[in-house]
Amino acid sequence: MTHARGERSALCDLFDRLGPDAPTLCAGWTTYDLAAHLVLRERRPDALPGIALRPLARHTTSVQEGLKARHPYPELVGLVRKPGGVYGLLPFLDEAVNTLELFVHHEDVRRAQPSWEPRELLEDFERLMWKRVSAGGRLMLRRSPVGVVLHRLGGGVALGGPQIGPKVEVTGKAGELLLFCFGRQSHARVELRGDPDAIERLKGARLGL
């Protein structure tokens, strides 16, 4: 099983266990909303641009609400469980495009629940995430108000944010650094070192793709 398939299956099992009204780290979204979002990503390409482009967001929101209106929660979870669109036909593309998305959203659900703890991830999964973080860190940290130096526990350094001015060192495992760079700063188990004001500015910044 690929990492994408593993995260997809574990997330859907968690969706089933928690039901449609559980909180997530996605502001204002329940598990029902997140399931609809994931179905939209894979099965409604016409609505994809509105995820990133604010002028098109109204259409995306309308499609997402329409999915909830047409599909009971168990049906939506069933659609998430089986890769849709081109990803269902090309598993290698599912792995390339969806692995990080599914990992982050799996953690969005896990870490919104009481008494969560980080998972111990397979070493090859950690290596894959660090490869993606080190390659895409500058993009994910492009809105950072301060320079960022990412230190992976076990080895590896990546830079992001402005290269002039104060810098914050962020240290943790690859999965935790990925969550931090995806805008989940307050729920990522990392260590921050640097000027206290710079740290607070980074913690409140809008990071991610």
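Each remark here, short or long, concerns the structure printed above.
These figures come from a predicted structure and were not determined experimentally. (Residues numbered from 1 in each chain as written. Predicted model: local features only at pLDDT ≥ 70, side-chain atom pairs only at ≥ 80, totals over all residues. Heavy atoms only, no water.)

Got a minute to help me understand unusual backbone geometry in this structure?
Peptide bonds are mostly trans, and most non-glycine residues show a negative phi. Non-glycine residue Ser115 carries a positive phi angle of around 60°. Note that Ser115 resides in the loop between helix H7 (91-110) and helix H8 (123-140). With relative accessibility at 73%, the residue Ser115 sits in the exposed group. (Helix = DSSP H or I, 4+ residues; strand = E, 2+ residues; numbered from the N terminus. Buried < 20%, exposed > 50% of the residue type's maximum accessible area, 1.4 Å probe, protein only.)

Please clarify how the layout of surface pockets should be interpreted in this entry.
Here the idea is plain: a probe the size of a water molecule rolls over the atoms and shows the empty space left. In this model, the largest pocket occupies a volume close to 1,400 Å³. For the lining of the largest pocket, the secondary structure elements donating two or more residues are helix H2 (31-43), helix H3 (49-52), helix H4 (57-70) and H7. The element contributing the most residues to the lining of the largest pocket is H7, with six residues. Partitioning the lining of the largest pocket into residue classes produces 16 nonpolar, ten polar and nine charged. (1 Å grid on protein atoms, 1.4 Å probe; cavity = no way out; pocket = protein on both sides within 12 Å on 5 of 7 lines; lining within 4 Å. Points joined across faces, edges and corners; volume = space filled by probe spheres on them. Nonpolar A, V, L, I, M, F, W, Y, C, P; charged D, E, K, R; others polar.)

What am I meant to see in the environment of Phe125 here?
With respect to the secondary-structure elements, Phe125 resides in helix H8. The spacing of Phe125 and Gly175 is 50 residues in sequence and 8.6 Å in space, taken between C-alpha atoms. Once residues within four sequence positions are removed from consideration, Phe125 is found in contact with His3, Glu7, Thr99 and Phe103. (Contact = heavy atoms within 4.5 Å.)

What is the right way to look at the pairing of strand E1 (residues 147-152) in this model?
Judged by how many residues are buried, E1 sits mostly within the fold: five of six residues are covered. Two elements, E1 and strand E3 (residues 167-172), share six bridges in a ladder whose sense is parallel. Within E3, the position partnered with His151 by the bridge is Thr171. As defined by bridge partners, E1 adjoins strand E2 (residues 157-160) across four bridges and the pair is classed as antiparallel. What sits directly across from His151, in E2, is Val157. Hairpin connection between E1 and E2: a loop of four residues separates the two successive antiparallel strands, and Gly154 in this loop has a positive phi of roughly 105°. (Pairing = 2+ DSSP bridges.)

Explain the pattern of salt bridges here, please?
When their charged atoms lie close together, side chains carrying opposite charge are able to pair. Throughout the structure, instances matching the rule amount to 21 salt bridges. For Lys68, the salt bridge is made with Glu65, and the minimal N-O distance between the two is 3.9 Å. Pair noted here: Lys68 and Glu65 are both in helix H4, with a separation of three residues, about one helical turn. A salt bridge links Arg193 to Glu169; the nearest nitrogen and oxygen atoms lie 3.1 Å apart. Separated by 24 residues along the polypeptide, Arg193 in strand E4 (residues 191-193) and Glu169 in strand E3 bring together distant segments of the chain. Judged by relative accessible area, which is 30%, Glu169 ranks as partly exposed. (Salt bridge = Lys/Arg side-chain N within 4 Å of Asp/Glu carboxyl O.)

Could you clarify how one ought to interpret the nonpolar core in this entry?
Soluble globular proteins: nonpolar side chains tend toward being buried together. Membership of the largest hydrophobic core comes to 30 residues, with the highest contact counts inside it found for Phe103, Met129, Leu150, Val170, Leu178 and Leu202. Elements with a contribution of two residues or more to this core: H7, H8, E1, E3, helix H9 (174-181) and helix H10 (196-203). Setting aside its immediate chain neighbours within four residues, Val170 contacts Val148, Val149, Leu150, His151, Leu177, Phe180, Val190, Glu191, Leu192 and Leu202. In this structure, Leu11, Phe15, Leu38 and Leu40 belong to the second largest nonpolar core, which totals 22 residues. (Core = buried A, V, L, I, M, F, W, Y, C linked by side-chain atoms within 4.5 Å.)

By themselves, these are just geometric observations and shouldn't be taken as functional.
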